[in-house]
Amino acid sequence: MQVELDELKEILGRSGIHEVLRVLDSRTPHRFTGVNRFDGAMLRDGQLCDPFRPDVLRGNDVPVHDACCARLREANGTLEFTDALADPCIEHRPGSAVVSYCGMLIRNDDGIPFGSLCHHDVKPCQKRVGDVPLPEAIAPALFRATRK
């Protein structure tokens, strides 16, 4: 499925955040795609797409210290790893089930980190480098949609 930014924005306006997550999820080997927001010591799971459980629209809130998404602030806005258990450069967080991750920071209109848009899985997955620009481009529109 070839989707461009304008199409994603149209989907967002017509069908909402979850449908955008479903489209983005169809482009990745990762099982989950989600939008999260930082809330002090917690990472709040705003919306989640799980193609194996379409009835699940949200994940669980987790402490920031256990969340891969919290590392985005330190990683200059994007972070990707294929296997946290085997990669010596990634400190696997014991409270996290996430093994493979591709995420980008969502900033508010003032440039302050608000949350994340990420693909993740509980098993190793291949890199998504070629697909990162589209989720990065839609992130500001997702921020504005979460504020409505």
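Please refer to the structure higher up on the page.
All values derive from a computational prediction rather than experimental measurement.

J.: For the pairing of strand 1 (residues 32–39), give the residues involved together with the corresponding values.
T.: Of all eight residues making up strand 1, six are buried, and the element is well covered by its neighbours. With six bridges connecting them, strand 1 and strand 6 (residues 113–121) associate as antiparallel partners. In the sheet register, Val35 faces strand 6, and the bridge partner there is Leu117. Across seven bridges, strand 1 lies against strand 2 (residues 42–49) in antiparallel orientation. Note on strand 2: the bridge partner recorded for Asp39 is Met42. Between strand 1 and strand 2, which follow one another and run antiparallel, lie two residues, and Gly40 among them has a positive phi close to 60°.

J.: I'd like a description of the nonpolar core, backed by residues and values.
T.: Membership of the largest hydrophobic core comes to 23 residues, with the highest contact counts inside it found for Leu8, Val20, Leu117, Ile138 and Leu142. Every element with two or more residues in this core is listed here: helix 1 (5–15), helix 2 (17–25), strand 5 (100–107), strand 6 and helix 3 (133–146). In this structure Leu117 touches Leu21, Leu24, Thr33, Gly34, Val35, Cys102, Gly103, Met104, Ile106, Pro135, Ile138 and Leu142, once residues within four positions along its chain are discounted. Counting residues in hydrophobic clusters, the runner-up holds 16 residues, among them Ala67, Leu79, Val98 and Leu105.

J.: Go over the pattern of salt bridges, please, and point to the residues and values.
T.: All told, the structure shown has ten salt bridges when counted by the stated rule. Here Arg14 and Glu10 are joined by a salt bridge, their closest N and O atoms 2.9 Å apart. Separated by four residues within a single helix, Arg14 and Glu10 lie in helix 1, roughly one turn from each other. Using a relative accessible area of 54% as the deciding quantity, one classes Arg14 as exposed. Overlapping salt bridges, with partners in common, bring together Arg37, Asp39, Arg44, Arg58 and Asp61 in one network.

Cut-offs used in this document
Throughout, a residue's number is its position along its own chain's written sequence, starting from 1. With the structure being a predicted model, the display of local features is reserved for residues of pLDDT at least 70 and the display and counting of side-chain atom pairs for 80 or more, all residues being used for whole-chain, interface and lining totals. Hydrogens and water molecules were not included; the side-chain quantities draw on all heavy atoms of the structure. In this scheme, a residue with accessible area under 20% of its type's maximum is buried, one over 50% is exposed, and one in between is partly exposed, where area comes from a 1.4 Å probe on protein chains only. Helix and strand assignments follow DSSP, with helices taken as H or I runs no shorter than four residues and strands as E runs no shorter than two, numbered in order from the N terminus. Note on pairing: two strands pair once DSSP finds at least 2 bridges between them. Here, nonpolar core means buried Ala, Val, Leu, Ile, Met, Phe, Trp, Tyr and Cys residues that are tied together by side-chain atoms lying within 4.5 Å of each other. A contact between two residues is defined here by any heavy atoms of the two lying within 4.5 Å. Salt bridges are defined by distance alone: a side-chain nitrogen of Lys or Arg within 4 Å of a carboxyl oxygen of Asp or Glu.

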